[in-house]
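# Secondary and tertiary structure notes
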Amino acid sequence: MKFVTKYTSSYDSRRAVGFGYIYVFRLKEQPFQFQLNLTTTLKNFNENDKTQLRYFIHHILSKWKNDHQNDTIVSLADIMQEDLAQNDPQRLKTTCSEFKYLLNHLQNGAISEASEMSQGTQIKLILQLSDGFQSLLKPYRVPRNYQTFPDHFYFSDIERHHAEIAAFHVDKILGFNRVPPLIGRLLNITSDLRDKATEELRKTFFLSPANNTCFRGHCTYYCDTSHAVCGKPGNRLEGSVQLLLPRPPEVDWQKITHPYRRSYSATRQAEWETNENYCYEHVIIDEDYHNRLLLDMMDLCAFDFLIDRHHMMRISSFGINTALIHLDNGRSFGRHDSDDLSILAPIRQCCFFRYSTFTRLYRLYRKGLSKLLSNSLNIGEQLPMILIKEHLIAIDRRLEILFAHLDTCIQTYTVKGVMIDDGVD
């Protein structure tokens, strides 16, 4: 079965963004001859077809690396239009003084207004801070030892502020730096929120039978008096506070249709759950993945599996070769006694992985990922015990499972066939 197609890159003067840096690049149009029809969805892929497709992916990502090896790096300050790191043209590091100042401001900055965020299915508040900063608050809903009910579907799970906090630290330790700055904060529900609330939000505040100040907000799930957010004891309220990245019209966001998205149905499975050739039939042949996005998705897959969640977004204003932003982690760390192996489907079916990510994961494995995570949470957070011991044990177990999946891929396609150095750190 021989087909001929021509691949031509048509991108010109695009910009790619990861968290904390933007790549600026230019691609020249160069034709590439390949013996497989990528414009036709092929069913019943044989091993020769898969070999050709894998060769093609290696070729096109090698070309992508060569075309971007001299990319100019711009700091997060240029994205945020804030004076966070104007004196440092390099990538904004999570250890630099500007970053620590930002976290301190999120944790202690005076709140001038609290309003509801319109997007999403659960309650989120936008806090207007001094110096023009805006942050996103996810309030305390359940205790640290809460586990997702086994009979609940993932799309109806309640969001947890401590999961957002832990996910930020995992992302930082993994070296992705794709979760926007976030920290735990202790608020006064009366003086910080009710007294600063917009009129619409203020109308949802009430006193509970226990004489606690509460609010319910407006949203699809868990916004009623039986699921109200309450200060306790007294007016104390914990929450995760995250820097709110620019929104339209400043920048355009793209919620990418994840090729391995859930069916969001109680009765129907997605195709990838029943078709082990799904990656070859739908992902590898898709030109949208003939760039860093393919390996970014594998990074996200590894991150999602370790923390137990599933989501994919990026800022589209900077072009299609843009790193994913790891947002909305409130449903992570749902269960510590089981592992959702379906999250690893992209790695299991595609058997491609970014080499730089693998080397970092291996170093973290040698040092003890759970130990590093525990230390990071203890040092970087004022709120106590963000993760219980069982979740720390689970993250080490999941890292070993991830390595086992990669080992299976390597036994099938060799190290050289699985690991790709695309120049992305």
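Refer to the structure presented above.
Right, let's walk through the structure included here. (Residues numbered from 1 in each chain as written. Predicted model: local features only at pLDDT ≥ 70, side-chain atom pairs only at ≥ 80, totals over all residues. Heavy atoms only, no water.)

On to the overall build of the protein chain, then. Each helix and strand counted, the protein chain has twelve helices and 17 strands in total. For the protein chain, with 425 residues in total, the buried portion stands at 57%. The long-range fraction of contacts in the protein chain, counting pairs at least 24 apart against all pairs at least 6 apart in sequence, stands at 72%. As displayed, the protein chain has an accessible area near 19,200 Å², and 48% of this comes from carbon and sulfur atoms. (Helix = DSSP H or I, 4+ residues; strand = E, 2+ residues; numbered from the N terminus. Buried < 20%, exposed > 50% of the residue type's maximum accessible area, 1.4 Å probe, protein only. Contact = heavy atoms within 4.5 Å. Areas by Shrake-Rupley, 256 points an atom, 1.4 Å probe, with all protein chains shown as cover.)

The next thing to look at is the sheet that holds strand E7 (residues 125-129). Spatial strand order, E6-E7-E8-E13-E9: five strands in an open sheet with antiparallel pairing. The two strands at the open ends of the sheet, each matched to only one other strand, are strand E6 (111-116) and strand E9 (182-188). Adjacent strand axes in the sheet meet at a mean angle of 35 degrees, parallel and antiparallel pairs treated alike. Sitting on the sheet, helix H4 (residues 161-174) is in contact with strand E8 (134-139), E9 and strand E13 (236-243), with an inclination near 40 degrees to E13. (Pairing = 2+ DSSP bridges. Axes fitted to C-alpha atoms, helices over the stretch in contact; angles between N-to-C directions.)

Under the counting rule described, the total for this entry stands at 21 salt bridges. The shortest N-O distance in the salt bridge between Arg-354 and Asp-422 comes to 2.8 Å. Of the two residues, Arg-354 is situated in strand E16 (residues 353-354) and Asp-422 in the segment after strand E17 (419-420); the sequence distance between them amounts to 68 residues. Note on accessibility: Arg-354 and Asp-422 belong to one class, buried. Each of the salt bridges in this network shares a partner with another, and the network as a whole consists of Arg-178, Arg-292, Asp-296, Asp-299, Arg-354 and Asp-422. (Salt bridge = Lys/Arg side-chain N within 4 Å of Asp/Glu carboxyl O.)

So, on to the sheet that holds strand E10 (residues 205-207). Strand order in the open sheet made by the three strands is E10-E11-E12, with antiparallel pairing throughout. Both edges of this open sheet fall to E10 and strand E12 (229-230), since each of them pairs with a single strand only. Relative to E12, strand E11 (residues 213-215) is paired through two bridges, and the arrangement is antiparallel. Counterpart to Phe-215 in the pairing with E12 is Val-229.

Attention now goes to the state of the cysteines. On inspection of all chains with the given rule, the structure shows four disulfides. Paired through a disulfide, Cys-219 and Cys-223 show a sulfur-sulfur distance of 1.9 Å. Of note, the bridge from Cys-219 to Cys-223 carries an S-S torsion of about 105 degrees and is right-handed in sense. Through a disulfide, Cys-351 is tied to Cys-409; the S-S separation comes to 2.1 Å. Taking the torsion about the sulfur-sulfur bond, which here is approximately -75 degrees, the covalent link between Cys-351 and Cys-409 counts as left-handed. (Disulfide = S-S within 2.5 Å.)

Attention shifts here to unusual backbone geometry. Lys-232 connects to Pro-233 through a cis peptide bond whose omega is -5 degrees. Topologically, Pro-233 is positioned in the loop between E12 and E13. Even without being glycine, Asn-211 reaches a positive phi, approximately 70 degrees. By secondary structure assignment, the location of Asn-211 is in the loop between E10 and E11. Backbone geometry at Thr-414 places phi at a positive 75 degrees, although glycine is not the residue there. On the accessibility criterion, Thr-414 (45% relative accessible area) is partly exposed.

What follows deals with the pairing of E13. Across the eight residues of E13, seven count as buried, placing the element largely inside the fold. Direction of pairing for E9 relative to E13: antiparallel, over a ladder of seven bridges. The partner of Leu-187 across the bridge, within E13, is Leu-237.

The subject of this paragraph is the packing of helix H11 (residues 369-380) against helix H12 (residues 389-418). Across the interface, H11 lies against H12 with an axial gap of 8 Å and an inter-helix angle of 140 degrees. As summarised for this structure, H11 and H12 are arranged oblique, according to the angle between their axes. Two packed elements cross with a definite hand, and for H11 against H12 that hand is right-handed. Along its contact with H11, which presents Leu-369, Ser-370, Leu-373 and Ser-374, the element H12 presents Leu-392, Ile-395, Asp-396 and Leu-399. Looking at the contact of H11 with H12, its residues break down into five nonpolar, two polar and one charged. (Parallel < 35°, antiparallel > 145°, perpendicular 65-115°, else oblique. Left-handed = near helix turned anticlockwise from the far one by under 90°. Nonpolar A, V, L, I, M, F, W, Y, C, P; charged D, E, K, R; others polar.)

Here we come to the environment of Ser-240. Of note, Ser-240 is situated in strand E13. Judged by its relative accessible area of 2%, Ser-240 is buried. Put simply, Ser-240 and Leu-137 are 103 residues apart on the chain and 5.6 Å apart in space, counted from C-alpha to C-alpha.

This part takes up the environment of Leu-237. With respect to the secondary-structure elements, Leu-237 resides in strand E13. Residue contacts for Leu-237: discarding those within four places in its chain leaves Pro-139, Tyr-140, Arg-185, Leu-186, Leu-187, Ile-189, Leu-193, Val-229 and Cys-230.

Among the nonpolar cores identified, the biggest contains 95 residues, and Leu-127, Leu-193, Phe-215, Tyr-260, Leu-294, Phe-303 and Phe-353 are the most heavily contacted of them. When residues in this core are grouped by element, the largest group, twelve residues, is from helix H8 (residues 293-307). Excluding residues that lie within four positions of it along the chain, Phe-353 makes contacts with Leu-295, Met-298, Ala-302, Ile-347, Phe-358, Leu-361, Leu-406, Val-418, Met-419 and Ile-420. (Core = buried A, V, L, I, M, F, W, Y, C linked by side-chain atoms within 4.5 Å.)

So, on to the side chain of His-290. Note that His-290 resides in the loop between helix H7 (278-283) and H8. Separated by 2.7 Å, the side chain of His-290 and the backbone oxygen of Ile-284 make a polar contact. (Polar contact = N/O pair within 3.5 Å; in protein donor to acceptor, adjacent residues only side chain to side chain.)

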